[in-house]
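Letter by letter, the chains look like this.
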Amino acid sequence: MSPPPPIERRSAVYNWPVLTALLSTDAAIAAWAERRGSLAVFAYEFVRFGAKQAWACLFGGIMLALMIGTALFYPHEAALPRYDFLTLAAITVQVALIATRMETLDEAKVILLYHVVGTVMELFKTAQGSWIYPDPAYLRIGGVPLFTGFMYACVGSYIARAWRLFDFRFTAHPPLWATLALATAIYVNFFAHHFITDMRLALFAITAVLFGRCWIYFKIHRHYRRMPLLLGFALVALFIWFAENLGTLTRTWIYPSQADGWSMVAPAKLGSWFLLMIISYVLVSLVNPPQPFRRERPVLAPQPAPADG
């Protein structure tokens, strides 16, 4: 097999062999778009961005599909409770993704770490009555079915995959010790605010100070685009909130206000998801240390040799 062209040699696609067969087709489409001008290039990058995002959401998308599918079609009288089916299905999916190399070991490590972090928080929050899991389950710890850790892990999986796919680079990124301290404070506050003053506003302010100057650079095809990292956190938190509304609509879990019937999850929860995004991001950064952005150098065409005489 001939080696890949230099432009694709560092492509994140090579982390997932199942995608490498698509490289030649993608290169042909990209070349066609470049010949057609800037509008075609924009359309190509728009579609490519969506495809990368869909691949980054693979684990989360499968879990969401399982929640919706079991809510619609799983028999209530089944000997195996729905929650236990979700737990076994999540484990099966996890093993299959690793076995087929559709998920890397680094991503699996992030998912495992986040599974533990999320399960601990679930145990506390359900004990406090923040939300409940209304259906029965054998595979559970206290009031928490074991599949719930995988729902948290979806966030970590998405960030880890997107980090590779878009080849994240950063400017003015805060140091690791500062982000670790912030993530720890956020995690502690999720527990402590039940007993002492909620420090959420202070944590928002500290987050703004630490990340306010930080830009994230992401590569869709050949060139890097950029956005404020805080905006990136907010956008991901918004989509998690959308997913949470689907989760409660399927009664996979419910809030006290939804006991008598479904209602939209309060928009105030966006703040919680934003802070949880910080924890997720910092956990992934332990596996993928943030790399600084260096401005791309233009490729200069070879100059003709000077004429003799």
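Since we're looking at a predicted model, the values are computed, not measured.

**Student:** How should I be thinking about the overall build of the protein in this particular structure?
**Tutor:** Scanning the protein from terminus to terminus reveals 11 helices and 5 strands. In the protein, buried positions account for 43% of the 309 residues. The long-range fraction of contacts in the protein, counting pairs at least 24 apart against all pairs at least 6 apart in sequence, stands at 71%. In the structure as shown, the protein presents an accessible area of about 16,800 Å², 70% of it carried by carbon and sulfur atoms.

**Student:** Looking at this model, I keep getting lost on the state of the cysteines. Mind explaining?
**Tutor:** Any covalent bond linking the sulfur atoms of two cysteines counts as a disulfide. On inspection of all chains with the given rule, the structure shows 0 disulfides. No disulfide involves Cys154; its nearest neighbouring cysteine sulfur is the one of Cys57, lying 9.5 Å away. Owing to a relative accessible area of 13%, Cys154 belongs among the buried residues under this scheme.

**Student:** Looking at this model, I keep getting lost on the packing of aromatic side chains. Mind explaining?
**Tutor:** Given two aromatic rings, one states the distance between the centres and the angle between the planes to describe the pair. By the definition in use, this model includes 29 aromatic pairs. A centroid spacing of 4.9 Å and a plane angle of 55 degrees characterise the contact between Phe124 and Phe191, whose relative ring orientation is tilted. On the criterion of sequence distance, the pair formed by Phe124 in helix α6 (residues 105-127) and Phe191 in helix α8 (residues 176-192) is long-range, its members being 67 residues apart. The pair Phe124 / Phe191 is uniform in exposure class, with both members buried. Taking 5.4 Å as the distance between ring centres and 20 degrees as the angle between the ring planes, the aromatic pair formed by Trp163 and Tyr281 counts as stacked. Within this pair, whereas Trp163 is found in helix α7 (residues 148-165), its partner Tyr281 is found in helix α11 (residues 269-287), the two being separated by 118 residues in sequence. Pair check on accessibility: Trp163 and Tyr281 agree, each one buried.

**Student:** How should I be thinking about α7 in this particular structure?
**Tutor:** For the α-helix, the turn length of 3.6 residues means that residues three or four positions removed from each other point alike. If you check α7, its first and last C-alpha atoms are 26 Å apart, about what 18 residues at 1.5 Å a residue would give, namely 26 Å. In terms of burial, α7 is a largely internal element, 17 of the 18 residues being buried. After α7 finishes, the residue Asp167 shows a positive phi value of roughly 50 degrees.

**Student:** Where do I start with the packing of helix α9 (residues 200-211) against helix α10 (residues 229-249) in this structure?
**Tutor:** Geometrically, a packed helix pair is captured by the angle between its two axes and the distance between the axes. At a closest axis distance of 9 Å, the pairing of α9 and α10 adopts a crossing angle of 135 degrees. Comparing the axis directions of α9 and α10 gives the class oblique. Counted together, Thr207, Ala208 and Phe211 of α9 and Leu229, Leu230 and Phe233 of α10 form the full contact between these two elements. Looking at the contact of α9 with α10 residue by residue, the classes come out as 5 nonpolar, 1 polar and no charged.

The rules behind the values
Residues numbered from 1 in each chain as written. Predicted model: local features only at pLDDT ≥ 70, side-chain atom pairs only at ≥ 80, totals over all residues. Heavy atoms only, no water. Helix = DSSP H or I, 4+ residues; strand = E, 2+ residues; numbered from the N terminus. Buried < 20%, exposed > 50% of the residue type's maximum accessible area, 1.4 Å probe, protein only. Contact = heavy atoms within 4.5 Å. Areas by Shrake-Rupley, 256 points an atom, 1.4 Å probe, with all protein chains shown as cover. Disulfide = S-S within 2.5 Å. Phe/Tyr/Trp six-rings, centres within 6.5 Å; stacked < 30°, edge-to-face > 60°. Expected span 1.5 Å × (residues − 1). Axes fitted to C-alpha atoms, helices over the stretch in contact; angles between N-to-C directions. Parallel < 35°, antiparallel > 145°, perpendicular 65-115°, else oblique. Nonpolar A, V, L, I, M, F, W, Y, C, P; charged D, E, K, R; others polar.

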